[in-house]
Each structure stands twice: as structure tokens, then as C-alpha cells.
Amino acid sequence: MVVSEALPLAVPISETLDITKESSPVEQQQQQQQTLLDVQERPRAPVDPGVEAGNAEEAAGIGAQEAAAVTQDAGTGAQEAKAATQLHGSCQDLEEGCVEWAAEDGCIQNGPSFMFERCRKSCGVCDQPIITDVPENVTLNNGVVMPRVGFGTAGLGGATEEATSWALASGYRLLDSAQAQEWYREDLVGQALLKSGVPREQVFLTSKLHPRHHGRDEAMIQFTKSLSALAVEQVDLFLLHYPACWPELCGEGYTPKGTWHDSWRALEELVDKGLVRAIGVSNFGLDDLAELLAMARIKPALVQRHSDPLAADAEVRAFCRLADVQYQGYSTLGSQWLAHGMDKNPVLTNAVVERVANETGGDAAQVVLRWALQHGQAIVPRSSKRERIAANRGLDFVLTANQMQRIDALDGSLQHN
Ligand SMILES: NC(=O)c1ccc[n+]([C@@H]2O[C@H](COP(=O)([O-])OP(=O)(O)OC[C@H]3O[C@@H](n4cnc5c(N)ncnc54)[C@H](OP(=O)(O)O)[C@@H]3O)[C@@H](O)[C@H]2O)c1
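Residues numbered from 1 in each chain as written. Predicted model: local features only at pLDDT ≥ 70, side-chain atom pairs only at ≥ 80, totals over all residues.

Undergrad: Would you mind going over the nonpolar core with me for this structure?
TA: General note: in soluble globular proteins, nonpolar side chains tend to be found buried as a group. Counting residues in each nonpolar core, the largest one holds 97 residues, and the members touching the most others are Cys107, Cys123, Phe238, Val303, Phe319, Val353 and Val368. By residue number, the principal contributor to this core is helix H17 (residues 364–374), which donates eight residues. Apart from the residues within four sequence positions on either side, Val368 is in contact with Asp308, Pro309, Thr332, Leu333, Val347 and Val353. Ala154, Ala180, Trp183 and Tyr184 belong to the second largest nonpolar core, which has five residues in total. (Core = buried A, V, L, I, M, F, W, Y, C linked by C-beta atoms within 7 Å. Buried ≥ 20, exposed ≤ 12 C-beta atoms within 10 Å, placed from the backbone. Helix = DSSP H or I, 4+ residues; strand = E, 2+ residues; numbered from the N terminus. Contact = placed C-beta atoms within 7 Å.)

This is the structure we're talking about:
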């Protein structure tokens with residue numbers, strides 16, 4: 001059974017906020033707690049019936065009405081592209097010193113939350129480079145080669161093993177898991193891998209340290225447990241799942257034995273020992289990322305965060321470009337919005353996304369995934385359905401610059417409840 005109520009806990013702190021602003025740690029924690037409370041009050045909704053129905057309709061009716069709308073509507077595409085241009089045009093520096101500060105690496109070294117708010121142009125927030133030829137693999141900053149499209153395994157519960165087997169059978173060679181049993185099943189991912197017959201060295205395995213285990217010694221102990229749950233001798237990528245824990249996740253009054261800084265030292269030791277090939281973080285905001293870069297002996301290779309067309313995370317993506325750290329988007333298909341009380345997935349049912357899907361002949365999910373890839377992201381879509389698992393890797397079409405811009409223009413057009 002698919003347990004998607006598990007996902008909301010993975011909502012990153014900042015995704016409930018105006019993504020152009022970083023809030024104080026105290027505010028973040030308060031908002032995070034509120035998010036969790038909101039989410040926990042939601043009824044179980046394993047599958048969003050609205051999305052399912054919408055996709056069926058789309059599949060059946062991809063001709064007539066929509067095709068007519070697209071043909072008649074050279075205008076809409078042009079308007080959408082114009083809106084995108086205006087959005088990008090509004091990307092201004094608001095301080096006189098921006099150019100100079102950016103030239104001195106201020107965007108990534110010196111209070112980036114200030115820089116990315118006041119110096120958006122100089123920090124490249126709106127540059128959004130587009131690639132049309134998307135290589136199957138990405139080479140991380142330490143030389144490790146990683147598949148660009150992986151399979152996300154959060155929220156699948158007991159169905160994790162079956163879905164992961166389907167993913168491996170349809171060609172996925174990256175599996176994204178984590179220690180947090182609130183959402184993930186490392187053991188079932190490990191079983192699927194063992195039974196698949198795919199050689200271990202051909203599969204890139206990611207796991208993440210639970211924030212309750214922050215601290216050098218605790219991180220080392222818990223990493224060993226991950227190895228045994230996954231039934232492997234090495235993990236390809238190990239991430240700090242969150243910079244800190246919070247009461248609803250770790251229990252009231254619980255304090256981890258150390259901070260994310262201590263845990264990072266443990267991750268560096270794991271690399272030294274050859275137990276992990278690459279390390280990185282998830283759900284870190286701009287200022288924590290800057291602090292991490294400043295203190296790291298081994299530079300983070302990857303940052304995993306929520307990015308979808310309506311909440312595209314442009315600032316952190318720009319930060320990662322400048323810092324030569326690979327950005328991996330999660331919940332690209334919009335499932336975080338469902339976790340925030342929406343009963344219909346606003347990404348997959350978005351009119352612009354649907355129009356672009358009609359133009360390309362793909363479906364909305366494929367368009368959104370391809371959009372992320374053409375912005376240089378790595379992605380880890382998840383599905384419990386065999387056909388969708390396969391379709392989410394069938395991304396060998398190209399979105400035009402106009403189509404990319406129209407999707408880019410959706411960023412920030414919808415706010416969380
Ligand atoms: N680091 C973190 O804190 C964090 C947080 C969240 C997620 N993640 C990682 O990112 C992965 C992906 O994110 P996610 O699981 O939140 O959600 P997602 O991949 O954005 O979306 C999954 C949802 O989309 C539906 N779906 C999948 N393919 C579809 C298609 N072709 N057409 C229509 N609907 C489709 C799925 O339903 P069906 O199952 O019915 O197909 C499911 O409801 C996770 O599994 C996890 O590995 C990490």
C-alpha cells in the first residue's frame with residue numbers, strides 16, 4: 001500500500017515560506033512545526049483522485065479540444081513567453097555594491113540570504129541556463145559519476161520493494177532512500193536491489209542521516225545501520241537529511257547529541273574510509289550552505305531540495321551553480337502541494353504545463369521532469385505504478401526555449417496555504 005501521508009514530514013522548512021526570503025532559525029522552526037501540525041491533521045490520501053482523473057482525461061482527449069486550443073492559441077504561448085520575459089526582466093540588483101560583491105564571491109561566501117534577495121541579477125538568480133542535450137550521467141565535483149534521473153522511494157511503505165524492482169527493471173540506476181523510517185524503507189530498497197540481479201556497482205545508492213542522529217559518533221553508528229539495512233558495503237551518496245530536528249519528528253525535549261557540523265565531520269570520515277563515495281546535504285538553506293562550504297574539508301557534492309515549476313527554488317539552484325555543487329530536485333511532480341492541503345496537484349494540472357504537454361505529445365509529468373533536467377537538475381521522481389515508473393524515464397524529447405520560459409514564469413504564482 002502506498003503511504004503518502006508519510007511524505008509531508010519531508011516537507012522542507014523553507015518550502016512553506018516565501019522562497020525569496022530566508023527566515024531566522026527560530027522562525028523556521030516555528031513554521032516547520034506549523035507545517036507538521038497542518039500536515040498531520042490531513043486525512044490519509046494515498047492517491048490524489050483529481051490527478052488520476054485529470055491524466056485519464058488528458059490521455060483520452062489529447063486531440064480535439066486541447067489541440068484546437070493550442071493551434072488557435074499561438075497567442076497564449078506568446079503571452080506566456082512575454083510574461084516570462086517580464087519576470088526575468090524584473091530581476092534587478094537593489095544595492096549599488098552588488099556587482100563588486102558578486103565578483104568577490106559574495107553570493108556564496110558572504111551572507112548569501114542577503115545577497116540573493118538584494119543582488120538577484122549579480123548572483124545569477126534569473127539566468128536559469130538551459131541545456132537541450134541532457135547527458136544521462138552527471139559528474140559530481142569529486143569526479144564521481146551519478147545518473148541524472150533516479151527513482152525516489154519515499155512514502156511507498158510496504159510497496160517499496162515491488163516499486164523499486166520495477167524501477168530497476170525499467171532501467172533506473174539511482175535509488176534515493178534515507179534512514180527516516182517515517183517515510184523510507186532502506187531494507188526494502190536493499191531487498192529489491194539484491195533480488196534484481198543488477199550488479200551492485202551499476203546502481204547508485206543514496207541514503208540520508210536522520211536529523212535525530214546528529215553528532216559525530218551517532219552519525220557513524222547510524223551509518224553502519226544503513227549499510228546493514230541496505231545490505232551493501234558502501235553507499236554512493238550520503239546526505240544530511242535536515243540541518244536540525246524538531247519536536248514532531250524527534251519528540252518533545254529531544255536534543256541530538258551534536259549538530260550538523262559534527263555530523264559533517266563524520267561524513268568526511270566515511271569518505272576517508274571508503275564507505276561513501278560522495279557526500280552532501282538536503283533541505284539546507286542558503287546561509288547553512290555557505291557555512292558548510294566554509295567549514296567543509298570535503299566539499300559537498302550535491303544539494304537535494306524541493307523544486308517544482310511553482311516553487312522552483314531559483315536562489316539555491318543559482319547558489320549551487322556558482323559553488324559547483326550538483327542540485328538534485330525532489331517532489332518535482334508537485335506532491336509537496338498535496339501535503340499542504342491541496343486536494344488536486346497544481347503542478348500536474350496546471351494549464352501551461354498541460355498546454356506544453358499537448359505541444360510535445362508527452363504528458364504533464366514528463367514535461368515537468370524534462371523542464372527540471374533542461375535546467376541542469378538531477379531528479380528522483382517516485383511512482384507506485386509500473387507504467388508511470390517507466391514513463392518518468394521516457395524523457396527523450398526537447399522543450400523549446402519558449403516552452404521553458406513559459407514554465408519558468410509559473411514560479412511563485414501559487415503560495416502554500
Ligand atoms: N530530501 C527530502 O527531504 C525529500 C523530501 C521529499 C522527497 N524526497 C525524495 O524525492 C522523491 C520524489 O518526491 P516525492 O516522492 O515527494 O514526489 P514526486 O516524485 O514529486 O511525486 C510523486 C507523486 O506523483 C505521482 N506520479 C508519479 N508519476 C506520475 C505520472 N507519470 N503521472 C501522474 N502522476 C504521477 C505519484 O502517484 P502514483 O504513485 O500513483 O504514480 C505520486 O503521488 C521521494 O520519493 C524521495 O526519494 C526527498
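This is not the end of the story, as more comes after the structure.
Undergrad: Would you take a moment to explain the sheet that holds strand E8 (residues 302–306) for this structure?
TA: Backbone-to-backbone hydrogen bonds pair the strands of a sheet. The strands run either parallel or antiparallel. A sheet is described by the order of its strands in space; here eight strands give the open sequence E3-E4-E5-E6-E7-E8-E9-E10, paired in parallel fashion. A strand with exactly one partner marks an edge of an open sheet, and here the two such strands are strand E3 (151–152) and strand E10 (378–379). In this sheet, E10 lies alongside strand E9 (residues 326–330) in parallel orientation, the contact comprising two bridges. Bridging across to E10, Gly329 finds its partner in Ile379. (Pairing = 2+ DSSP bridges.)

Undergrad: Looking at this model, I keep getting lost on the packing of helix H16 (residues 351–360) against helix H19 (residues 401–408). Mind explaining?
TA: Helices that pack against each other are described as a pair by the angle of their axes relative to one another and the distance between those axes. Contact pair H16 / H19: the axes reach a minimum separation of 9 Å and the direction vectors enclose 165°. The angle between the axes of H16 and H19 places the two elements in the roughly antiparallel class. When the axes of H16 and H19 are compared, the crossing they make is left-handed. Facing Val352, Val353, Val356 and Glu359 of H16, the residues of H19 in contact are Gln403, Arg406 and Ile407. Along the lines of polarity and charge, the residues of the contact of H16 with H19 split into four nonpolar, one polar and two charged. (Axes fitted to C-alpha atoms, helices over the stretch in contact; angles between N-to-C directions. Parallel < 35°, antiparallel > 145°, perpendicular 65-115°, else oblique. Left-handed = near helix turned anticlockwise from the far one by under 90°. Nonpolar A, V, L, I, M, F, W, Y, C, P; charged D, E, K, R; others polar.)

Undergrad: Quick question: what am I supposed to make of the UniProt feature "domain: ShKT" (unreviewed entry) in the protein here?
TA: UniProt feature "domain: ShKT" (unreviewed entry): in the numbering of this structure it lies at residues 91–126. This span, residues 91–126, is 47% helix and 0% strand, and a straight line between its end C-alpha atoms measures 6 Å. (UniProt positions renumbered as here; feature names shortened; annotations may be inferred.)

Undergrad: Looking at this structure, how should I read the pairing of strand E7 (residues 276–282)?
TA: Across a regular strand the side chains alternate sides, sitting on one face of the sheet and then on the other. Of all seven residues that make up E7, seven are buried, and the element is covered over most of its length. Strand direction decides the pairing type here: strand E6 (residues 235–240) and E7, joined by five bridges, are parallel. Its bridge partner lying in E7, Leu239 is registered against Gly280. Pairing of E7 with E8 involves three bridges; the strand directions are parallel. Following the sheet pairing, Ser282 is matched in E8 by Gln304.

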